[in-house]
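Residue strings, one per chain:
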Amino acid sequence: MMLTKEIEAAMDDSVLCWLATSSANNMPNVSPKEIFCYFEDDTIIVANIASPQTVKNIRANKNVCISFIDILKQKGFQLKGAAEIIEKSATDFSKMEKMLLHLTEGKFPFATITKITITSSKPIIAPKYLLYPNTTEEQQIESAKKSYGL
């Protein structure tokens with residue numbers, strides 16, 4: 001599945017994402033990730049910073065779900081796909097590492113990268129947009145700013 005410009009823009013506007021994995025025994029785990037970006041047409045990469053359970057789970061079960069939202073717009077995406085752990089010895093590691101190091105500004109070391117090949121997507125949207133169809137993003141942003149004291 002190709003990542004659309006809309007998905008890429010939503011990722012750019014998101015500060016965190018949540019990566020859901022499952023162990024070999026089907027025990028779920030959701031972990032916030034700060035350093036992530038799109039890579040190629042159908043792939044998201046995530047720096048594995050303090051992520052031992054995520055890495056262990058992906059090695060046992062490649063199926064993952066990654067979600068992100070712009071907290072002010074309260075819109076984003078849920079993406080599902082197959083993940084793999086990319087080690088420093090992989091041919092694409094340095095290209096991926098360069099993109100992620102740009103985001104970390106060198107402040108967060110990581111030894112591996114989670115590469116997720118996306119197979120499906122669906123939008124995430126706050127209920128307000130559904131309950132009040134005339135709500136604009138600008139109104140939602142102003143409302144969120146007031147709620148968060150911004």
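Right, let's walk through the structure included here. Every value quoted in this text rests on a predicted model; they were computed, and no experiment measured them.

Some thoughts on the state of the cysteines
Here, the word disulfide means a covalent bond between the sulfur atoms of two cysteines.
Next, step 1: This model, assessed by the stated rule, comprises zero disulfides.
Next, step 2: Between Cys17, a cysteine without a disulfide, and Cys37, which holds the nearest cysteine sulfur, the sulfur-to-sulfur distance is 10 Å.
Next, step 3: By relative accessible area, Cys17 is classed as buried at 0%.
Next, step 4: Judged by relative accessible area, Cys37 falls into the buried class, the value being 13%.

Topic: the pattern of salt bridges
Next, step 1: Inspection of the entire model under this criterion finds seven salt bridges.
Next, step 2: A salt bridge links Glu8 to Lys5, with the nearest nitrogen and oxygen atoms 3.6 Å apart. Residue Glu8 and its partner Lys5 are located together in helix H1 (residues 5-12), separated by three residues, close to a single helical turn.
Next, step 3: Lys73 is the partner of Glu137 in a salt bridge, and the nearest nitrogen-oxygen pair spans 3.9 Å. Of this pair, Glu137 sits in helix H5 (residues 137-148) while Lys73 sits in the loop between strand S5 (63-70) and strand S6 (75-86), and the two are 64 residues apart along the sequence.
Next, step 4: By relative accessible area, which is 27% here, Glu137 ends up partly exposed.
Next, step 5: For Lys73, a relative accessible area of 22% corresponds to the partly exposed category.

Quick notes on the rules
Residues numbered from 1 in each chain as written. Predicted model: local features only at pLDDT ≥ 70, side-chain atom pairs only at ≥ 80, totals over all residues. Heavy atoms only, no water. Disulfide = S-S within 2.5 Å. Buried < 20%, exposed > 50% of the residue type's maximum accessible area, 1.4 Å probe, protein only. Salt bridge = Lys/Arg side-chain N within 4 Å of Asp/Glu carboxyl O. Helix = DSSP H or I, 4+ residues; strand = E, 2+ residues; numbered from the N terminus.

By themselves these figures say nothing about function.
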